[in-house]
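# Architecture at a glance
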Amino acid sequence: MRGLVSHRALSAVLSVLGLVAAFVLMTVTPARAGENVFVEVTPNPAQAGTRVSIRASCDNANNRQAEVNSDAFGRVMLRPDNGFLTGAVTIPANKQAGDFPVDLRCSNGNTASTVLTVLNMAQPSKGPATGGGGTAGGRGAGSLLLVGGLVAVAVVAGVGARRRTGSRF
């Protein structure tokens, strides 16, 4: 009896999954060939004050200029370049950090958008304080160690040379 119940439950689950799959496949509209509209910004995320590159596609209108707008950098005109539309812009150094929509408007009426994340981290004015810097300048312990090491190498080389010639103390 138990095997019969699990067989019926499995059959019911598979039937429901089959109906859902059929419904999804019937209601989805197929993508048209050649439809390729997008906009991308690199690097993303980007530090305020840096230059970003914009690459886009307006499907079959990549031989005409397109416009990109964003609160992160304003308005930029993209120009045809090897089958894509490209441009570059510098994010203002004082731009606050956040996520900003980047909207593409094509001459053929197509649109696309993406999000640019702007970072505004304070830049360090000098290197980090990482220690005493014994070998950095002057005659510190680093200089003494270097001289001592050279003397030790010379003594070992001298003793080795004497032993080879057969001399004894």
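Computed from a predicted structure; not experimentally measured. (Residues numbered from 1 in each chain as written. Predicted model: local features only at pLDDT ≥ 70, side-chain atom pairs only at ≥ 80, totals over all residues. Heavy atoms only, no water.)

Here we take up the confidence of the model for the protein. On average, the protein scores 76 in pLDDT, and the residues at 70 or more come to 59%. Taken as a whole, residues 16-34 scores under 50 in pLDDT and shows one contact with residues more than four places along the chain or in a different chain. (pLDDT = per-residue confidence, 0-100. Contact = heavy atoms within 4.5 Å.)

The subject of this paragraph is the packing of aromatic side chains. All told, the structure shown has one aromatic pair when counted by the stated rule. We note Arg55 situated over the ring of Phe84; from NZ or CZ to the ring centre the distance is 4.1 Å. (Phe/Tyr/Trp six-rings, centres within 6.5 Å; stacked < 30°, edge-to-face > 60°. Lys NZ or Arg CZ within 6 Å of the ring centre and 35° of its normal.)

As a further point, take the environment of Phe38. Here Phe38 is to be found in strand E1 (residues 37-42). With 74 residues separating them along the chain, Phe38 and Ala112 place their C-alpha atoms 5.4 Å apart. The residues contacting Phe38, other than those within four sequence positions of it, are Arg55, Ala56, Ser57, Phe84, Leu104 and Ala112. (Helix = DSSP H or I, 4+ residues; strand = E, 2+ residues; numbered from the N terminus.)

A separate point is the side chain of Ser70. By secondary structure assignment, the location of Ser70 is in strand E4 (residues 66-70). Among the polar contacts made by the side chain of Ser70, one reaches the main-chain amide nitrogen of Ala72 at a distance of 3.1 Å. Ser70 has contacts with Phe100, Pro101 and Val102, leaving out every residue within four places of it along the chain. (Polar contact = N/O pair within 3.5 Å; in protein donor to acceptor, adjacent residues only side chain to side chain.)

We now examine the nonpolar core. Counting 25 residues, the largest nonpolar core has Val39, Ile54, Val68, Phe73, Leu78, Leu104 and Leu116 as its most contacted members. The leading source of residues in this core is strand E3 (residues 51-58), at four residues. Setting aside chain neighbours within four positions, we find Leu116 in contact with Val41, Pro43, Asn44, Ala46, Ala72, Phe73, Ile91, Gly98, Asp99, Phe100 and Val102. (Core = buried A, V, L, I, M, F, W, Y, C linked by side-chain atoms within 4.5 Å. Buried < 20%, exposed > 50% of the residue type's maximum accessible area, 1.4 Å probe, protein only.)

For the structure shown, the criterion picks out two salt bridges. The partner of Arg75 in a salt bridge is Glu67, with the nearest N and O atoms 3.4 Å apart. Judged by its relative accessible area of 23%, Glu67 is partly exposed. (Salt bridge = Lys/Arg side-chain N within 4 Å of Asp/Glu carboxyl O.)

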